[in-house]
Amino acid sequence: MGVEGLIDTLIGAVTLVAAANEEAPDPDWVTIGVGALGALATLASAYITARYQGKKRDDLRRSKIKGNDLDVRGIAEKDSFSALDVLKVLDLRDAPDVSGRDGGGRAVLTDSHLIVRERASGNGVVFCYATSGDFEGVTSKHHVWKWDELQPHSPLKKGLEAKCHGLGVDLDSLSVDHVARVTNEIVYRGAFDQADHESFETHIDRSTVSLTFVVLFSPSYPCVSAVGEENTVREHWARVEDNRPVILDDGQCLYWRVFRDDAEPLPHRAKYRLRWDWQPAAGATAPRDPAGTRAGTS
């Protein structure tokens, strides 16, 4: 199965999970694939829309809906959207820079969100992406979008300035209590080139029920160990012990799902980070690392 088919399968799987409000799918689905699920994503979204239509929302629950305060060229959330699930697939099969080519290794992030409109005031959702490497490409599938540079909010790692951009996705036509799948693709260059260990970090910008990470590795440079960390208190990272990342397919896939047992949204502004060790398989060339530690976030 190609990466596009894998991503469609994962999106279908987590959409069905969100619709049924059940536990996470068995991580083995990531490796064996269940191609039929990809075709069911649209049906699942329609089911969720039907479920939400005509259902009176509790004002107290609505009052807890929070978003970010960014404005990207006229697109702003204004606390009007939440996410039933977020799926981030980071394809590192062309990283790290094992061949020594200029610009560093290439990484592709597929960032998919099942968005619910909660209020009518906002006209779209805004995503913040940062990297200490470079942005090589960006798109949002199936929606009008805008891309703009933001002021760096903080260094990703000590001594490295982060390049920050905002991606605004227009959802002005989405009615209250309806859902839409928003899928962005970000291409990084030179963001994941450290030889022995790397990390990928994200943050909760709006009310989010479920967050899933999938990282794909080259068979010539597999993952050998990984930990998940959360930061729910300012500048304090803690290792997650009760729901650890899972390494699959001889280190070619890393899977981690973050959720609360009570199905409540994850803490607003919380940060989640995957850290992993990787190394060349037998016969692979060790990468160069001209710029030191690099990383990406979304």
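Residues numbered from 1 in each chain as written. Predicted model: local features only at pLDDT ≥ 70, side-chain atom pairs only at ≥ 80, totals over all residues. Heavy atoms only, no water.

For the rest of this paragraph, the subject is the pattern of salt bridges. A side chain of one charge can pair with a side chain of the opposite charge when the charged atoms of the two come close. Taken as a whole and assessed by the stated rule, the structure comprises eleven salt bridges. Across the salt bridge formed by Glu-77 and Arg-206, the nearest N and O atoms sit 2.5 Å from each other. You can see Glu-77 sitting in the loop between strand S2 (75-76) and strand S3 (81-94) and its partner Arg-206 sitting in the loop between strand S10 (197-203) and strand S11 (210-217), a full 129 residues away along the chain. For the residue pair Glu-77 and Arg-206, the accessibility class agrees, reading buried in each case. With its nearest N and O atoms 2.8 Å apart, the salt bridge here joins Glu-241 to Arg-244. On the accessibility criterion, Glu-241 (44% relative accessible area) is partly exposed. For Arg-244, a relative accessible area of 54% translates into the label exposed. Connected through shared salt-bridge partners, Arg-106, Glu-136 and Arg-189 make up one network. (Salt bridge = Lys/Arg side-chain N within 4 Å of Asp/Glu carboxyl O. Helix = DSSP H or I, 4+ residues; strand = E, 2+ residues; numbered from the N terminus. Buried < 20%, exposed > 50% of the residue type's maximum accessible area, 1.4 Å probe, protein only.)

Following Ala-95, the chain continues into Pro-96 via a peptide bond in cis, with omega recorded as -5 degrees. With respect to the secondary-structure elements, Pro-96 resides in the loop between S3 and strand S4 (106-117). For Asp-79, which is not glycine, the phi torsion reads 55 degrees and is therefore positive. The residue Asp-79 is located in the loop between S2 and S3 in this model. Even without glycine at this site, His-142 takes up a positive phi of about 75 degrees. By secondary structure assignment, the location of His-142 is in the loop between strand S6 (134-141) and strand S7 (145-150). On the basis of relative accessible area, His-142 is assigned to the exposed category, the value being 75%.

It is worth spelling out the confidence of the model for the protein at this point. Model confidence for the protein is summarised by a mean pLDDT of 80, while 68% of its residues fall at 70 or above. Contacts for the low-pLDDT stretch residues 20-44, under 50 throughout, to residues beyond four places or in other chains number 42 contacts. Confidence over residues 53-58 falls short of pLDDT 50; this stretch has eight contacts with residues more than four positions distant or in other chains. (pLDDT = per-residue confidence, 0-100. Contact = heavy atoms within 4.5 Å.)

We now examine the state of the cysteines. Scanning the entire structure with this criterion turns up zero disulfides. There is no disulfide at Cys-128, and the cysteine sulfur nearest it, in Cys-164, is 5.2 Å away. Cys-164 sits in the buried class, given a relative accessible area of 2%. (Disulfide = S-S within 2.5 Å.)

Moving on, we get to the side chain of Thr-202. The topology assignment puts Thr-202 in strand S10. On the basis of relative accessible area, Thr-202 is assigned to the buried category, the value being 2%. At a separation of 3.4 Å, a polar atom in the side chain of Thr-202 contacts the side chain of Lys-88. (Polar contact = N/O pair within 3.5 Å; in protein donor to acceptor, adjacent residues only side chain to side chain.)

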